[in-house]
Amino acid sequence: MADAGELQTPPGMQVCPTRTDGLVALMASTITVAECQKRQREHYHKCPTCTHYNARNLVATPALVRPAKDGGLPS
């Protein structure tokens, strides 16, 4: 199979889906970023396996923790 890095896309376009394993999907198309966002909102079935999937790119933020008055040492 071809590597996803071999595909040439025009500026502002991306391959849908761009698989996380780097391989080209058997049925792929070139779409705009706006179309990508629309497909994600509509729960397109290929989105969860794509590198452009918003939920995949979210970084979990650590919970805010207040320091203990005793320096956080166990008692």
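Reading guide: rules and limits
Residues numbered from 1 in each chain as written. Predicted model: local features only at pLDDT ≥ 70, side-chain atom pairs only at ≥ 80, totals over all residues. Heavy atoms only, no water. 1 Å grid on protein atoms, 1.4 Å probe; cavity = no way out; pocket = protein on both sides within 12 Å on 5 of 7 lines; lining within 4 Å. Points joined across faces, edges and corners; volume = space filled by probe spheres on them. Helix = DSSP H or I, 4+ residues; strand = E, 2+ residues; numbered from the N terminus. Nonpolar A, V, L, I, M, F, W, Y, C, P; charged D, E, K, R; others polar. Buried < 20%, exposed > 50% of the residue type's maximum accessible area, 1.4 Å probe, protein only. Arc of directions from axis to C-beta. Contact = heavy atoms within 4.5 Å. Pairing = 2+ DSSP bridges. pLDDT = per-residue confidence, 0-100.

### Observations regarding empty space enclosed by the protein
Piece 1. Taken as a whole and judged by the stated rule, the model has one cavity of 30 Å³ or more.
Piece 2. Its volume calculated, the largest cavity comes out at about 80 Å³.
Piece 3. Around the largest cavity, the lining is made up of 14 residues, and of these Cys 16, Pro 17, Cys 36, Cys 47 and Cys 50 lie nearest the centre.
Piece 4. When contributions to the lining of the largest cavity are tallied by element, the ones reaching two or more residues are β1 (13-18) and α1 (33-41).
Piece 5. Looking at the lining of the largest cavity residue by residue, the classes come out as nine nonpolar, three polar and two charged.

### A closer look at α1
An α-helical segment advances 3.6 residues per turn. Residues three or four places apart therefore align on the same side.
Piece 1. Restricting attention to buried positions, one finds in α1 the residues Cys 36, Arg 39 and Gln 40. Down the axis of α1, the buried set is contained in an arc of 100 degrees. They therefore lie on one face. Opposite the buried face of α1, at more than 90 degrees from it, the exposed residues are Ala 34 and Arg 41.
Piece 2. Contact partners of the buried residues in α1: β1, β2 (24-32) and α2 (54-57).

### Looking at the pairing of β2
Piece 1. Relative to β2, β1 runs antiparallel, the two being bridged by five bridges. Along β2, the bridge assignment pairs Val 15 with Thr 30.
Piece 2. If you look at the hairpin formed by β1 and β2, you'll find five residues sitting between the two strands, and Gly 22 has a positive phi there, around 90 degrees.

### Comments concerning the confidence of the model for the protein
Piece 1. When pLDDT is averaged across the protein, the result is 81; 68% of the residues are at 70 or more.
Piece 2. Averaged pLDDT values for the elements of the protein fall to 83 in α2 and rise to 95 in α1.

### A word on unusual backbone geometry
Piece 1. For the bond running from Cys 16 to Pro 17, omega is -10 degrees, close enough to zero to count as cis.
Piece 2. Along the chain, the position of Pro 17 falls in strand β1.
Piece 3. The backbone of His 43 sits at a positive phi, close to 60 degrees, despite the residue not being glycine.
Piece 4. Look at His 43 and you get exposed, because its relative accessible area is 68%.

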